[in-house]
Amino acid sequence: DDKTAEYAILSHRWGNEVNYDEMTGLMSIDENHRNDLKQRAGYEKILKSCKQAQQDGYKWLWIDTCCIDKRSSSELSEAINSMYRWYHNSQKCYAYLHDVEDSIFPSRQDFSKFHKANGWPEWFSRGWTLQELIAPRQVEFFNKGWVSIGDRKCLTKTLEKITRVPLEVLEDGWIPKRLCVAELMSWAADRTTTRVEDRAYSLLGLFGVNLPILYGEGEKAFQRLQLEIMRVSGDHSIFAWNPKGQFSQLGGVLAGSPSDFRGC
């Protein structure tokens, strides 16, 4: 029960992971297959996360790769709609920056080290990690070798520069009601996801809405997200996106993606 249990939670960039089916069947598969799984970077990540949680005094740790049975559409839908709450209710979030080798948090853009993600660690370019930065009570960052390189509270100014999320949100871990829809959308403008639908689904918690999860609908997911926000909110800034000549293409009042809110 995420409301009563004390637990840590992991936020990371996906790579060669170990999934739910592989994790639960680890002891029943043949030794060669088991050894192959244990060689994956994703398995090492699970072990290191568990070790850190144990050191911090937690009995439970939640990791999306091996704690969601994606074979079940209902479980996947529940997880996506509950994700923000699960991160918010955690005692601590471990943000693993797999491409940071230094023992200090990067303080300036470095395109030679982080050419894939606008000069910053790749974690900051992903769609899902936006809510994983904001929702938890505490966020602690770790480098590639699992050395702590700072937490959200001590890095607020640098994090604001990277993410454009205001200091007050980073310091307190909550979103003031006075912040408008367009501004919240703008935080996700330059973030990407593997599946186009996840650009919408990863924002559900930020706006406090729920949606049926329909992979295969493509950009319609973002249309549905905007309609649901309009249903529960009277914030007209949702129409304040910058079309940049796209009105002739879209022919509608709804934005095509979070990128249309860049700079709002």
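Definitions and limits used
Residues numbered from 1 in each chain as written. Predicted model: local features only at pLDDT ≥ 70, side-chain atom pairs only at ≥ 80, totals over all residues. Heavy atoms only, no water. Salt bridge = Lys/Arg side-chain N within 4 Å of Asp/Glu carboxyl O. Helix = DSSP H or I, 4+ residues; strand = E, 2+ residues; numbered from the N terminus. Buried < 20%, exposed > 50% of the residue type's maximum accessible area, 1.4 Å probe, protein only. Pairing = 2+ DSSP bridges. Axes fitted to C-alpha atoms, helices over the stretch in contact; angles between N-to-C directions. Contact = heavy atoms within 4.5 Å. UniProt positions renumbered as here; feature names shortened; annotations may be inferred.

Novice: How should I be thinking about the pattern of salt bridges in this particular structure?
Specialist: Where charged atoms from two side chains of opposite charge come close, those side chains can pair. Scanning the entire structure with this criterion turns up 16 salt bridges. Close ionic contact of Arg13 with Glu122 constitutes a salt bridge, the shortest N to O distance being 3.0 Å. Within this pair, whereas Arg13 is found in the loop between β1 (7-12) and α1 (20-24), its partner Glu122 is found in the loop between β3 (92-96) and α6 (129-134), the two being separated by 109 residues in sequence. What makes Arg13 partly exposed here is its relative accessible area of 22%. Arg71 is the salt-bridge partner of Asp69, the closest N and O atoms lying 2.9 Å from each other. Among the residues examined, Asp69 registers a relative accessible area of 13% and is labelled buried. What emerges from the salt-bridge pattern is a single network uniting Asp21, Asp69 and Arg71.

Novice: Help me understand the sheet that holds strand β4 (residues 139-142) in this model?
Specialist: Sheet strands associate in pairs through backbone hydrogen bonding, adopting either a parallel or an antiparallel arrangement. Spatial ordering of the open sheet is given by β2-β1-β3-β4-β5, a layout of five strands whose pairing is mixed. In this open sheet, the two edge strands, each paired with only one partner strand, are β2 (60-62) and β5 (148-151). Strand-to-strand twist in this sheet, taken as the mean axis angle between neighbours without regard to direction, amounts to 25°. Contacts between helix α5 (residues 73-89) and the sheet are confined to β1, β2 and β3, with β1 contributing the most and set at about 125° to the helix.

Novice: I would appreciate a short explanation of the UniProt feature "domain: Heterokaryon incompatibility" (unreviewed entry) in the protein in the present structure.
Specialist: Annotation from UniProt places "domain: Heterokaryon incompatibility" (unreviewed entry) at residues 7-111. Here residues 7-111 is 47% helix and 13% strand, with 36 Å between the C-alpha atoms at its ends.

Novice: In this structure, what is going on with unusual backbone geometry? I would like to understand it.
Specialist: Peptide bonds are, in most cases, trans, and in most cases residues other than glycine have a negative phi. In the Ramachandran plot, Asn118 falls in the positive-phi region, its phi being about 60° despite a non-glycine side chain. The class of Asn118 is exposed, set by a relative accessible area of 53%.

Novice: Any chance you could explain the pairing of β1 here in plain terms?
Specialist: Within a regular beta strand, the side chains point alternately toward one face of the sheet and then the other, so they alternate between its two faces. Burial analysis of β1 places six of its six residues in the buried class, which makes it a mostly covered element. Residue alternation in β1 divides its side chains into two sets, Tyr7, Ile9 and Ser11 and Ala8, Leu10 and His12, and both sets are buried. As defined by bridge partners, β1 adjoins β3 across five bridges and the pair is classed as parallel. The residue of β3 that forms the bridge with Ala8 is Lys92.

Novice: Explain the UniProt feature "domain: DUF8212" (unreviewed entry) in the protein here, please?
Specialist: The positions that UniProt labels "domain: DUF8212" (unreviewed entry) are, in the present scheme, residues 220-242. Each end of residues 220-242 is marked by a C-alpha atom, and these two atoms are 19 Å apart; helix forms 57% of the span and strand 0%.

Novice: Please clarify how the environment of Ala200 should be interpreted in this entry.
Specialist: Structurally, Ala200 is set in helix α10 (residues 198-201). With a relative accessible area of 1%, Ala200 lands in the buried category. Expressed as a C-alpha distance, the spacing of Ala200 and Ile9, which sit 191 residues apart in the sequence, is 22 Å.

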